[in-house]
Amino acid sequence: MFEKITRPEIDGLPVYSPGLGVEEVKKRYGVERVIKLASNENPLGPSKNAVDAVRNASESMNIYPDGSCHELRMKLSEHLGVSPEMLTFGSGADELIDFIFYAFFKPGDSAVVGNPTFSSYYLSGMMMGARIVFVPLVNYRHSVEGMLDAVGKDTKGVFVGSPHNPTGEICTEDEFCEFLKGLPEDVLLVWDEAYMEFVDDSRYPDSTKYLEKHPNLIVLRTFSKAYGLAGLRIGYGIVHPEIAGYIERVRPPFNVNGLAQVAAIAALDDEEHLKKTVNSNSEGRLFLSRELKRLGFEVVPSQANFILFKYENLTRELPVKLLEKGIVVRDGEELGYSGYIRMTVGTMEENNLVVDAIEQILKKGRSLVNE
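Calculation notes
- Residues numbered from 1 in each chain as written.
- Predicted model: local features only at pLDDT ≥ 70, side-chain atom pairs only at ≥ 80, totals over all residues.
- Heavy atoms only, no water.
- Helix = DSSP H or I, 4+ residues; strand = E, 2+ residues; numbered from the N terminus.
- Rg over C-alpha atoms; globule rule 2.2 N^0.38 Å.
- Buried < 20%, exposed > 50% of the residue type's maximum accessible area, 1.4 Å probe, protein only.
- Contact = heavy atoms within 4.5 Å.
- Areas by Shrake-Rupley, 256 points an atom, 1.4 Å probe, with all protein chains shown as cover.
- Lys, Arg positive; Asp, Glu negative; His and termini not counted.
- Charge placed at Lys NZ, Arg CZ, Asp CG, Glu CD.
- Pairing = 2+ DSSP bridges.
- Axes fitted to C-alpha atoms, helices over the stretch in contact; angles between N-to-C directions.
- Core = buried A, V, L, I, M, F, W, Y, C linked by side-chain atoms within 4.5 Å.
- 1 Å grid on protein atoms, 1.4 Å probe; cavity = no way out; pocket = protein on both sides within 12 Å on 5 of 7 lines; lining within 4 Å.
- Points joined across faces, edges and corners; volume = space filled by probe spheres on them.
- Nonpolar A, V, L, I, M, F, W, Y, C, P; charged D, E, K, R; others polar.
- Parallel < 35°, antiparallel > 145°, perpendicular 65-115°, else oblique.
- Left-handed = near helix turned anticlockwise from the far one by under 90°.

Trainee: What am I meant to see in the overall build of the protein chain here?
Mentor: Scanning the protein chain from terminus to terminus reveals 12 helices and 13 strands. Computed over C-alpha atoms, the radius of gyration of the protein chain comes to 21 Å, within 12% of the 21 Å expected from 2.2 N^0.38 for 371 residues, which places it in the range of a compact globule. Of all 371 residues assigned to the protein chain, the portion counted as buried reaches 53%. A separation threshold of at least 6 residues defines the contact pool for the protein chain, and within that pool the share at least 24 residues apart is 73%. When the accessible surface of the protein chain is summed, it comes to about 17800 Å², and 51% of that surface belongs to carbon and sulfur atoms. For the protein chain, the separation between the mean place of its 40 positive charges and that of its 54 negative charges on side chains is 4 Å.

Trainee: Would you mind showing me how to read the sheet that holds strand β3 (residues 110–115) here?
Mentor: Whenever strands of a sheet pair, they do so through backbone hydrogen bonds, lying parallel or antiparallel. What the seven strands build is an open sheet, ordered β2-β8-β7-β6-β5-β3-β4; its pairing is mixed. The sheet is open, and its two edges are formed by β2 (87–90) and β4 (131–136), each paired on a single side. Taking the axes of each pair of neighbouring strands and ignoring which way they run, one obtains an average angle of 25° across the sheet. As paired elements, β3 and strand β5 (residues 155–161) share four bridges and run parallel to each other. Each bridged residue has a counterpart across the sheet, and for Val112 the counterpart in β5 is Val158.

Trainee: Any chance you could explain the nonpolar core here in plain terms?
Mentor: Where a protein is soluble and globular, its nonpolar side chains tend to be buried together. One finds Leu72, Val158, Phe179, Leu189, Leu217 and Phe223 to be the most contacted residues of the largest nonpolar core, which totals 46 residues. Looking at which element gives the most residues to this core, the answer is helix α9 (residues 258–269), with eight residues. Apart from residues no more than four positions distant in its own chain, Phe179 is found in contact with Val144, Met147, Leu148, Val158, Val160, Cys171, Leu189 and Trp191. If you look at the next biggest cluster of nonpolar residues, it comprises 24 residues, including Ile35, Leu37, Phe297 and Val299.

Trainee: How should I be thinking about empty space enclosed by the protein in this particular structure?
Mentor: Empty pockets left among the atoms are what a rolling probe the size of a water molecule brings to light. Tallied over the entire structure, the rule returns one cavity of 30 Å³ or more. What the largest cavity holds in volume is close to 70 Å³. Along the walls of the largest cavity sit Glu41, Asn42, Pro43, Leu44, Phe198, Thr277, Ser280, Asn281, Asn305, Thr344, Val345 and Gly346, which together make up its complete lining. Top element by residues in the lining of the largest cavity is helix α10 (residues 271–294). It accounts for three residues. Looking at the lining of the largest cavity residue by residue, the classes come out as four nonpolar, seven polar and one charged.

Trainee: Please clarify how the packing of helix α3 (residues 70–80) against α9 should be interpreted in this entry.
Mentor: One way to put it is that α3 packs onto α9 with a least axis distance of 9 Å and a crossing angle of 25°. Our classification of the angle between α3 and α9 gives roughly parallel. The two elements α3 and α9 cross, and the hand of that crossing is left-handed. On the side of α3, the interface is formed by Glu71, Leu72, Lys75, Leu76 and His79, while α9 contributes Ala264, Ile265, Leu268 and Asp269. Taken together, the residues that form the contact of α3 with α9 break down as five nonpolar, one polar and three charged.

So yeah, pure geometry; function would need other evidence.
Below, the structure is given as structure tokens:
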């Protein structure tokens, strides 16, 4: 009915599917408890300080939020050691990706991304009519040479997640520097560090120290993962002030809600909770990698709060069988890795329950084959 008045850029644009919610899984499969390991959320939840800050600020919900995020800007500036004018804020890092396309891309401009990659890079680009150039990963990692070779005269930006979603692999500092040296100064390098707090690999770069010499670098981070504020939607970019100025022109005046701002400020102060989160993830990631390998799965090395592993050679129905037990994981079919599962690292109790459930499914499958 309305196809004549819709923008051609959104014709055929796929709709993002977040997967089944907890209550839907309970109803559909008749389970009392659901372990949700599909969206890379913090299983420990947010800092108590952040919860208290939200509770205290909740009576001010009738007031518009601070459109400039001033208090958070000052706090984060001090925390990161960067000037306040180098910060820009979004309702999640996803919205900042939208802003980058709004500000710098016109229909026909190209964006270079890995393949597979985080869906927002190409969905946001396609919405603006950008041409998406997909460069296959090599051994689950970005190909620096391949992505640089894909840059053309119409390229406005290269988008790299490190750690990468959905594989969990990082780009080393040497590879990061290769990107910076290989890109023209008028091509943006969008460096997405949503999972950076979980990295323990010494080869991981401190990206912010390169901003002064490389004004085309945009570093994206979020409070959704390690800080446990996914439900409040708040992310930020660390950029050259000129880049920030262009992003500010397309940013809505009150895009980051007030409760998210006070929660983020409180979360930054709770270093103990962040440390507890990172340690719990490191322990759980090591445990899951070891146990999955023991069960015969091919596991991709991860520096994030999730693990990607191949299951189809052992059992073809693992995602469905886990759902029947109330365990929600992300089927790799939706992420460009058919026959794989991307699974969030949970609490140690949850991790043990998941391993036990997988082992039971494998044993049952083998017994059926033998029959």
